[in-house]
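Per-entry structural report
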Amino acid sequence: MLSSQSEPRLKALSTLGIGGTIPTVPQEINTFMSLWQENKNEDIEFVIEKGNQVLNLIEKLCFLLLDTPPNELMEKVIIQYQESILELQSLLHQKYNEATENLLKKASTYADSDSGNMEVVIKDKNITFCIWGNLKKNPRYSTKEKSGFDLPKTVATSDVAVRILHTHYDHISPLQHIPKLHLKVQAPESKPELTVLYDMKEEKEGEQKGGEDSNFVIEKESDGRKVAPLQVATDEKEEEIIGENVVDLHQFTPVGGVYLIDALKLPPQAKQIKNWTMVELLDAGLETYPYPPESEETEDATYPCIGVTLRLLDSVIFFEEPVVARWDSADKQWRTDCISDIKYKMKEKQISFDMNAFYTITLIQDAHLNMPYQSWELRPNGTDELLFTVVTAFAEVQMQIKGNQCMLSSIIVDGSEQLSHLTGKWTSPIDLTVALKKAGVNIFPSDYSYKYVCVNTKTPLAEVTTYQQMALVASAFAFSWSKWNLASGQDQVVFKVSEYLKTDAVKDEDWSLYMFNGQRAQRLKISETSEAFSEELAENTEFHSTLYHLIKDFASEEAIEKVKKTSCLFIDATYQLLMATRVLTYS
């Protein structure tokens, strides 16, 4: 449960509700959960509708965990938020089970006119609920085309119901790790903490060099307002040993939600006797049907597999054939064993497989399929606006920033646009990254990504300071990937820069190469087409301590005025997306 210490940020939660508001402060959240837990006999439609509100609240709690600056987020507050998320998820699943039980008690009223068996399919934006009740016990009846499974004969002749509850979200995997308090900048030999200011006053060029193993945070201020501190963690924790057939969630990620596939005992059905409806009431509640049977005599016996066919969501992208994994509730992990004969039809967005028992299933995709990137470009698109393009081996992703908001402009895969339900919607940078990852498009490296991707390693001092200063001038200057960034070493980053006040694409001859190590910026003599890398200064140029002052030497007055008028919110939104994608090290 939440405590009142979480109240200030929870106040920001909007109203969600049917017939009122869903809670916005800790006490209300706790009361809401208690009251809903007491309500029984709710039908599945009502539970789904109210469940959407609960999912909205969970989403907002997750957003608060990700959006709150690390130095404002105490350990106990993180624990409180996560406990509330888990309790809400558990309560919602409990309500789905109660609604399923109520539905099964009236299974005969949902009998299909052709098969005589109960068949119910309910589709909603967050879940797809399918249930089949075996009223006729016909062993030759297969529901493979309709309900998505094929039962062994012993099950098909029993008083059994099969439920496929497809939640379009992942409520099974462990909650995402939330960073603790931000790390201080530790320059070598106990040098003072580094601070980059937005006041554009050029600092004297320092003599110290950034350490390769430093953990640090760089703080930014503008007009007295602090922007959220950045966090870079370079220390390696003790590597976790992953067992055989266990899914490493640092390397792989569930996509398309979770499929809870259950065999349930069919409760006694109501009987009509004259003017009376008679039904036998059981105290056991919703009971699972054990398969394979649990007994000592059948311990070594072999039982037929259950065939399953799943229709994949149109709202997600699988760039390669997904891996089918089952949830091991005992060890709290996804596993790939006990699943066989997998057949994937990419065009039909359908996957079929056999499993030796009833499991909770998800589809796993390599989280780093789109890394490293092939190229990237940051291009102004008006006042406090820009277009950010990242090209990967599978897709071209275009994101637009306007003020403190951003949106997905397009995702092009094999020449066609995808994920139309996400494009054109303004949101925060954090919400956009969450939505894209949920849809299977991950261009946002995690703390562990360097273990699975060939990374162009750069010191945090060079990489992070560059993102900050790129964001500072991004309203009037275009930036792009350079092949020489691979040759410049760990202490320096190289990228292309061009003043950009028009709407046409930047011509090749308009690009200049800049190199920056976080404390010294220079314009290079070489071009992108040169035969070899050289750190030689371009003619009539000199070193500067910041990118801004170097760029200022060659910029027009119009461009500088545009930079000076840039909104701090736009700068911060641009910086957030640059830090989220880390294009200087993952390209």
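Residues numbered from 1 in each chain as written. Predicted model: local features only at pLDDT ≥ 70, side-chain atom pairs only at ≥ 80, totals over all residues. Heavy atoms only, no water.

For the rest of this paragraph, the subject is the sheet that holds strand β13 (residues 339-345). Pairing is antiparallel across the open sheet formed by 4 strands, whose spatial order is β3-β10-β14-β13. On the outer flanks of this sheet lie β3 (149-150) and β13, each paired with one strand and no other. (Pairing = 2+ DSSP bridges. Helix = DSSP H or I, 4+ residues; strand = E, 2+ residues; numbered from the N terminus.)

Attention shifts here to the confidence of the model for the chain. On average, the chain scores 82 in pLDDT, and the residues at 70 or more come to 81%. No element of the chain has a lower mean pLDDT than strand β6 (residues 225-227), at 37, and none a higher one than strand β18 (residues 395-402), at 97. Low confidence marks residues 140-147, where pLDDT is under 50. Its contacts with residues over four positions away, or in another chain, come to 15 contacts. For the stretch residues 180-238, pLDDT sits under 50, and the model shows 134 contacts to residues farther than four places along the chain or on other chains. (pLDDT = per-residue confidence, 0-100. Contact = heavy atoms within 4.5 Å.)

This next bit is on the packing of aromatic side chains. Enumeration according to the criterion identifies 8 aromatic pairs in this entry. Seen in terms of ring centroids, Tyr-291 and Phe-358 are 6.3 Å apart; in terms of plane orientation they differ by 75 degrees. Their pairing is edge-to-face. One end of the pair, Tyr-291, is in the loop between β9 (276-278) and β10 (306-311); the other, Phe-358, is in the loop between β14 (350-355) and β15 (360-366), and 67 residues separate them in sequence. The class for Phe-358 is buried, based on a relative accessible area of 15%. Among the aromatic side chains, those forming a connected cluster through ring pairs are Tyr-291, Tyr-303 and Phe-358. In this arrangement the basic side chain of Arg-520 is found over the ring face of Phe-543, its NZ or CZ atom lying 4.3 Å from the centre. (Phe/Tyr/Trp six-rings, centres within 6.5 Å; stacked < 30°, edge-to-face > 60°. Buried < 20%, exposed > 50% of the residue type's maximum accessible area, 1.4 Å probe, protein only. Lys NZ or Arg CZ within 6 Å of the ring centre and 35° of its normal.)

Let us now look at the pairing of strand β11 (residues 323-328). Across the 6 residues that make up β11, a large majority, 5, are buried. Across 4 bridges, the pairing between β11 and β15 is antiparallel. Counted as the bridge partner of Arg-326 is Ile-361 from β15. As paired strands, β11 and strand β12 (residues 333-335) are joined by 3 bridges and run antiparallel to one another. Bridge pairing in β12 links Trp-327 to Trp-334. In this structure, the hairpin formed by β11 and β12 is closed by a connection of 4 residues, where Lys-332 is found at a positive phi of approximately 55 degrees.

Glancing now at the packing of helix α3 (residues 44-67) against helix α6 (residues 429-438). For the pair α3 and α6, the least separation of the axes is 10 Å and the interaxial angle reads 120 degrees. Here α3 runs over α6; the crossing is right-handed. Contact residues: Phe-63, Leu-66 and Asp-67 in α3; Ile-430, Asp-431 and Val-434 in α6. Considered class by class, the residues forming the contact of α3 with α6 number 4 nonpolar, no polar and 2 charged. (Axes fitted to C-alpha atoms, helices over the stretch in contact; angles between N-to-C directions. Left-handed = near helix turned anticlockwise from the far one by under 90°. Nonpolar A, V, L, I, M, F, W, Y, C, P; charged D, E, K, R; others polar.)

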